[in-house]
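What follows is each chain in one-letter form.
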Amino acid sequence: MGDPRPRAAVLLPLLCLCAALPGSASNKANKHKPWIEAEYQGIVMENDNTVLLNPPLFALDKDAPLRYAGEICGFRIHGAGVPFEAVILDKATGEGLIRAKEPVDCEAHKEHTFTIQAYDCGEGPDGANTKKSHKATVHVRVNDVNEFAPVFVEKLYRVAVTEGKLYDRILRVEAIDGDCSPQYSQICYYEILTPNIPFLIDNDGNIENTEKLQYSGDRVYKFTVTAYDCGKKRASDDAEVEIQVKPTCKPSWQGWNKRIEYTPGAGSLALFPTIHLETCDEPLWNIQATVELQTNHVAKGCDRDNYSEKSLRKLCGAASGEIDLLPVPSPTANWTARLSVHYSQDSSLIYWFNGSQAAQVPVVNGLNAHEGLSDHFTLSVWMKHAVVPSKGRREEETVICSTVRSEDGYSHYSLAVHGCRIAFLYWPLLESARPVKFLWKLEQVCDDEWHHYALNLEFPTVTLYVDGVSYDPALIHDNGLIHPPRQEPSLMIGACWTGDALSIHHYFHGYLAGFTVRPGSLESREVIECLYACREGLDYSDFDSLGKGMKVHVNPSQSLLTLEGDDVETFNHAIQHVAYMNSLRFATPGVRPLRLTTSVKCFSEESCVSIPDVEGYVVVLQPDAPQILLSGNAHSAHPASDFEAPDGVPLFPNLQISCSISHQVEAKKDENWHGTVTDTRMSDEIVHNLDGCEISLVGDDLDPEREYLLLDGALLQQRGLELVNTSAYLTVTGVESIAVYEEILRQVSYHINHGAALYERKFHLSCTEMNGRYSSNEFTVEVNVLHNMNQAAHPNHILNSQQFVHRGHHLPPELSGHSLASTHNNPMVPSAATVIIVVCVGFLALMVILGILRIHSLHRRGTGQEIPGAAEGGHTNNGGKESDMFWDDSALTIIVNPMESYQSCQERAGGSGEGRAGEGMDDEDDSTDSETPDSPDSNDVGDRHIMGRSDGSRRY
C-alpha cells in the first residue's frame, strides 16, 4: 500500500471545511471511528526490536481537526502472548509504531501473527465516548542472524574398508546449524584439514578414496574434517575421521565340498554339514537361500523304483484291470504305429506328439476301454509337456478326448493342458446334463519336465495327483454353452474333435508314456504315492531345533528347498541340516547337480554385499550289487521210463536261491596294518524279489516231436507271473519273492516221448532282479537218459579186415557225441564195458595201420608181375619166396563183444569203409559172416534222424 501522508493532506482541509459549516458548529460530539488498513506485513531483525511495517501504521479519523474526537490516542494489540507492543507517535496524524517487548528469537518463532486496533481520544480529556477502529491483521517475520556455527553430529567417525577397491562413498559425515533461515542453517561445504591423504570429501559430507588402499601399507588413516554454513561460518568444533584398512574379504559361503558322495542305503545325508556364511562384517537383516537339486536326467524326473510298470503295480498292491491306451504297436493294437517312439532308461515306451498328429483308438468288441467307464474311473499318464514359445494366445492342447456310451446315454470327457493349467471337462449326459470343467494351475505342467498325472473321477468329486501329491481343483466352471459332441463312441489321444463334421483340433505337443485307464474303480492315495512318488530329493531333518524367525519350505517334488531368516548364526545352523535322501536300496548311480542361491538385504543398501552361488553335485555311488546264487545238483541220470512219464523228470528238484551283498569295510588286523577287506553278508534285512528266470539249452533247440519242458501254468497265474515256453527257452517273468521262484522252478520237468533216442541234455538257469539290472550265476544242469540194455543184448560178432575204415576216416558224430559211459556210477552199465571199449578202439587203430601196410605191399608185388612169363625159369622160386614173405590175413579174425549201440555204429562205419577199401584189395572172398543187430529202442528211423544232424553243438 502507498504512503498515507498525501491522502492526509487532502483530508485535513476537507475536515476544516466541514467544521465551518453551520450544522457542524452546532454538533461537537465524537461521531466517527478511526480508520486503519486491513492488513500489515512486518519484519523485525533478531538484533533489533523495531518492526518495519508495510504499509506504515497510520490511523485516520473524520472527526479531525476536532480536539480529542479527531485525535488518535493509541493502538491496542490483541492476542495471547504476543511479544510486541504498539505505540502512538503523533496523535494528530495518527502515526504509530510496533516494537518488540523483548528480543525475539528466530530459532524459537520465525513468524508472529496478531491483530491491532486504533482508538481516538473521545469527547474530552477523560476519554469519554471513545471510538475504536476495526481490527487489522499484522504478520511479523523474524529475520535470522547468523549467530550459530555448524556442529558435527558425531565428534569421531570410524569405519573399516577392504583393501584394493575404489569406493564411491566410504562414509558420510554430517554437521548441523542452529540458525533458522536457509541461508545460515544450511551447510554449504565440508573440508578435509589434514593434508596429503588419499581421500576427498564433497559438499554433502561423503568421503571417498582417491586411490586403492592396501593392507600392506597404512592400515589406519586419521584426519580432521570441518564444515561451513552458507554464511561462511566455520564449525565450532572439527570432527575426527578414522578409516581402517582390512585385508580382502569376499562375502561367500565357506566350508562346503563341491563333490558329495552318497552311498545307497545310507538314508539321509547332510549336504553342507560345516558350511557358514561370510558377510565381511556387513550387517544383514534378511537372508534367503534356495537349494536346488537337479534330477530331471534320471529316468522320468527323479529316481523311482527300478521295476517295470506292471511289476511295480503288483508290489504296490494296485488292483488289476487297467487298460493300456498306448500299447506297443502290434497287429491287434496298431493305432500307435504312426507315432514316433523313444525309449526311456527303464526301457519303457515313450510316444512323441508333434502337435499335428493324434492316435485314434478303435472302438471294437475286443477293446474294453469304453466298457464300464461312466462316472468312476482313473486316468494315469506320464507326461512331459513341450512348451512352445508363441507370440499369440496359447491354445488348449488335448491329451485325451473320449465319448462313452452307457446305459443312460452318452457321456463325454477330455483332459487338456492350457499354458500352465490343466483342465478336465466332464459331461455326464450329452442329452440332458450340462458339462463341468475342473481347472488346476500347476507349475509342473509348463516346466518341460517329466511328471506323472493320475486323475480320479468319482463325480462330482475329481482329484488330481501329480507325482503322487494330490491337488484339489482350483476352479470349477459350468460350461453350459459348449456345443455337445456327436453321440458316437470315440476315443482319441493327442487331439479332440468338434461337432458332427469330425474336424480334429487342439493337438497335443509333448511326450506321453504309460497311458492307462482303470474303469469302474479308483486307485487309492497310498497306491498312487507308492507307484509314482520320487524316492530321492531334498530333506530337512531338524525342525525341532529350527531357530527363531527361520522358515523352511520344500516343494512337492522335493527338488527345491527354500530357507529364510534374519540372523546369520541361526541361518548357518539351519542350512547345515539340509540333506539329500534316497530311499531306494539300489539307487540309480550317477551325478545330481546341486545349486545354492542366496540373496541378502543389508541395513546399508549402498554397501550391501552380494553372495555368489554355490554349485556342486551329489554323486550317488554304485550300490553294492546283490549276488544271486543258484545252487543244486548239477547232474542227474534217470531211466528213460521216468522221462517218458506224463510228469517227466524235474530239472531242479533241490534248487536253492540265495542273495548276499558284498561291500568294502575298514578292517584292522593288528596295530601296524590298516586296510579294507571285503565283507560278504546275507542281506536278510533286505526284501529281495526276483523279476524273472530263464531256462535255456546248451546246443540245439528242443525237438517238439520228441521232447519238451513242462510247467504248471495255473500255479503261475495264481502268483501273477507270466510264462513263455518255446523250443529254445522257457522264461518266467514277474516280481515275486525268492521262495516263490524256488517253488516254481523246482516243478519244471523235462519230458521225452516214448522211443526217442535221446541220451543227454544240458540246461542253463539264470535269474534277474530289479528289472534285469542284476543277474545271477548261470547254473548248468546235465541230464542223462538211461536206456535198458538187457533187451538189446546180442552175441559177439566176427569182423573181417574189410570192415576197418580207411586211414583219415573219422568216427561218425554219433560215436563222438553219444557215450553210455558216464563219469557217474551207472548200475545199468558194467564197469568192464569201459575197458572193452578202449581195447576195441586200440585194435581198430592197429588194424588200420596193418591194412595200409598191406595195400602198400600189394602195390609193390603188382609192379613185379608186369613182365609175362616171369613165373617160368628162375623167377618161379623168387616169386614163391615173395609169396611166402607176404602176410596172408585171410584167416585173421577179431572177436569183440561191445554194447549194441556201438556194434551197430561200428558195423555201419565198417560197411562204409568196406566199400572204399575194396578197391585196393584182391581177397574179396575172405569175409566173415555177421549179422546187423537191432537198435536198443527198435526205432531206426528216429535214430538216423538224430545222427544225421549236421549241427554238432548239441550232443546226446
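Residues numbered from 1 in each chain as written. Predicted model: local features only at pLDDT ≥ 70, side-chain atom pairs only at ≥ 80, totals over all residues. Heavy atoms only, no water.

Considering the overall build of the protein chain
Stage number 1. What the protein chain contains, in helices and strands, is 14 helices and 59 strands.
Stage number 2. Within the protein chain, residue pairs in contact and separated by at least 24 positions form 71% of the contacts whose partners lie at least 6 positions apart.
Stage number 3. Only carbon and sulfur atoms are counted for the fraction: they give 51% of the accessible area of the protein chain, which is about 50400 Å². (Helix = DSSP H or I, 4+ residues; strand = E, 2+ residues; numbered from the N terminus. Contact = heavy atoms within 4.5 Å. Areas by Shrake-Rupley, 256 points an atom, 1.4 Å probe, with all protein chains shown as cover.)

What to know about the state of the cysteines
Stage number 1. With the rule as written, the count across this model stands at seven disulfides.
Stage number 2. Across the disulfide from C602 sits C608; the S-S distance is 2.0 Å. Between C602 and C608 the disulfide shows an S-S torsion of about 70 degrees. By sign, it is right-handed.
Stage number 3. We classify C602 as buried; its relative accessible area is 1%.
Stage number 4. Here C693 is linked by a disulfide to C767, with a sulfur-sulfur distance of 2.0 Å. (Disulfide = S-S within 2.5 Å. Buried < 20%, exposed > 50% of the residue type's maximum accessible area, 1.4 Å probe, protein only.)

Quick notes on the pairing of strand 7 (residues 136-143)
Stage number 1. Of the two faces of strand 7, only one is covered, namely that formed by A136, V138, V140 and V142; the face formed by T137, H139, R141 and N143 stays uncovered.
Stage number 2. Across seven bridges, the pairing between strand 1 (residues 39-45) and strand 7 is parallel. Counted as the bridge partner of Y40 is V138 from strand 7.
Stage number 3. Pairing geometry for strand 6 (residues 111-120) and strand 7, over six bridges, is antiparallel. Looking at strand 7, one finds that I116 is bridged to A136. (Pairing = 2+ DSSP bridges.)

Notes on a nonpolar patch on the surface
Stage number 1. Together, V835, V839, F843 and L846 make up an exposed nonpolar region whose accessible area comes to about 350 Å².
Stage number 2. Relative to the assigned elements, L846 resides in helix 11 (residues 832-864).
Stage number 3. Looking at L846, the relative accessible area reads 41%, which means it is partly exposed. (Patch = residues over 30% accessible without salt bridge, like charges linked within 9 Å, V, L, I, M, F, W, Y side chains within 5 Å. Salt bridge = Lys/Arg side-chain N within 4 Å of Asp/Glu carboxyl O.)

Looking at the nonpolar core
Stage number 1. F424, W440, I493, L512 and F515 are the most contacted members of the largest nonpolar core, which totals 42 residues.
Stage number 2. No other element matches strand 26 (residues 376-385), which puts four residues into this core.
Stage number 3. Not counting chain neighbours up to four residues away, the residues in contact with W440 comprise C420, R421, I422, F424, L455, V462, L464, Y471, D472, P473 and A474.
Stage number 4. If you look at the next biggest cluster of nonpolar residues, it comprises 39 residues, including A640, I657, Y750 and F763. (Core = buried A, V, L, I, M, F, W, Y, C linked by side-chain atoms within 4.5 Å.)

With respect to helix 6 (residues 568-575)
Stage number 1. Every buried residue of helix 6 is accounted for by F571, N572, A574 and I575. Viewed along the axis of helix 6, the buried residues span an arc of 165 degrees, placing them on a single side of the element.
Stage number 2. For helix 6, the capping residue at the N-terminal end is D567, with a side-chain oxygen 3.3 Å from the backbone nitrogen of E569. (Arc of directions from axis to C-beta. Polar contact = N/O pair within 3.5 Å; in protein donor to acceptor, adjacent residues only side chain to side chain.)

Quick notes on the packing of aromatic side chains
Stage number 1. As enumerated under the stated definition, the model contains 18 aromatic pairs in all.
Stage number 2. Ring geometry for W352 against Y511: centres 4.6 Å apart, planes inclined by 45 degrees, an arrangement best described as tilted. Of this pair, W352 sits in strand 24 (residues 349-354) while Y511 is found in strand 38 (residues 509-519), placing the two residues 159 residues apart along the sequence.
Stage number 3. Y511 gets classed as partly exposed once you look at its relative accessible area, which sits at 24%.
Stage number 4. Centroid distance F424 to Y426: 6.3 Å. Interplanar angle 10 degrees. Geometry classified as stacked.
Stage number 5. Clustering of aromatic rings is evident, with ring pairs tying together F377, Y413, F424, Y426 and F438.
Stage number 6. Positioned above the aromatic ring of F586, the side-chain terminus of R585 is 5.5 Å from the ring centre. (Phe/Tyr/Trp six-rings, centres within 6.5 Å; stacked < 30°, edge-to-face > 60°. Lys NZ or Arg CZ within 6 Å of the ring centre and 35° of its normal.)

Examining the environment of N129
Stage number 1. Position of N129 relative to the elements: it lies in the loop between strand 6 and strand 7.
Stage number 2. Remark: the alpha-carbon pair of N129 and A69, spanning 60 residues in sequence, is separated by 8.9 Å.
Stage number 3. In this structure, N129 is in contact with N30, G122 and E123, ignoring residues within four places of it in sequence.

Overview of the sheet that holds strand 3 (residues 72-78)
Stage number 1. Ordered by their spatial adjacency, five strands build an open sheet running 2-1-7-6-3, and the pairing between neighbours is mixed. Only two strands of the sheet have a single partner each, and these edge strands are strand 2 (52-54) and strand 3. Within the sheet, the average angular offset between the axes of one strand and its neighbour, ignoring direction, is 30 degrees. (Axes fitted to C-alpha atoms, helices over the stretch in contact; angles between N-to-C directions.)

Here's the deal with the pairing of strand 32 (residues 461-466)
Stage number 1. Summarising burial for strand 32: five of the six residues are buried, a large majority.
Stage number 2. Note: strand 31 (residues 451-458) against strand 32, six bridges, orientation antiparallel. Each residue of the ladder has a partner; that of A454, found in strand 32, is Y465.
Stage number 3. Turn length for the strand 31-strand 32 hairpin, with the two strands adjacent in sequence and antiparallel, is two residues.

Thoughts on the side chain of S776
Stage number 1. Mapping S776 onto the fold places it in the loop between strand 56 (774-775) and strand 57 (779-786).
Stage number 2. Judged by its relative accessible area of 14%, S776 is buried.
Stage number 3. The contact partners of S776, leaving out residues within four places of it in the chain, are I628, L630, S766 and C767.

Looking at the sheet that holds strand 13 (residues 199-201)
Stage number 1. An order of 10-14-13 is seen for the three strands of this open sheet, with the pairing classed as antiparallel. Across the chains shown, the open sheet's two edge strands, defined by having one partner strand only, are strand 10 (171-172) and strand 13.
Stage number 2. With two bridges connecting them, strand 10 and strand 14 (residues 206-209) associate as antiparallel partners. The residue of strand 14 that forms the bridge with L171 is I207.

Some thoughts on a negative patch on the surface
Stage number 1. Taken together, D168, D202, D204 and E208 make up a surface patch of like negative charges.
Stage number 2. Relative to the helices and strands, D168 is located in the loop between strand 9 (156-162) and strand 10.
Stage number 3. A residue is classified by how much of its surface remains accessible, and D168, at 72% relative accessible area, is exposed. (Lys, Arg positive; Asp, Glu negative; His and termini not counted. Charge placed at Lys NZ, Arg CZ, Asp CG, Glu CD.)

Side note on unusual backbone geometry
Stage number 1. Geometrically, the link from N54 to P55 is a cis peptide bond, its omega value of 0 degrees lying close to zero.
Stage number 2. For the bond running from A64 to P65, omega is 10 degrees, close enough to zero to count as cis.
Stage number 3. Its identity is not glycine, yet N196 carries a phi of approximately 60 degrees, on the positive side.
Stage number 4. Examined against the element boundaries, N196 turns out to sit in the loop between strand 12 (187-192) and strand 13.
Stage number 5. Under the relative-accessibility criterion, N196 is labelled exposed at 82%.

Observations regarding the pattern of salt bridges
A side chain with one charge can pair with a side chain of the opposite charge if their charged atoms come near.
Stage number 1. Scanning the entire structure with this criterion turns up 14 salt bridges.
Stage number 2. The salt bridge involving E743 is made with R719; its shortest N-O contact spans 3.6 Å. Remark: R719 occurs in helix 8 (residues 713-719) and E743 occurs in helix 9 (residues 738-745); sequence separation between them is 24 residues.

Quick word on the confidence of the model for the protein chain
Stage number 1. Confidence along the protein chain averages 76 in pLDDT terms, with 75% of residues attaining 70 or more.
Stage number 2. Note that residues 365-370 has pLDDT below 50 and, in this model, 15 contacts with residues that lie over four places away or in other chains.
Stage number 3. Confidence over residues 673-678 falls short of pLDDT 50; this stretch has 17 contacts with residues more than four positions distant or in other chains. (pLDDT = per-residue confidence, 0-100.)

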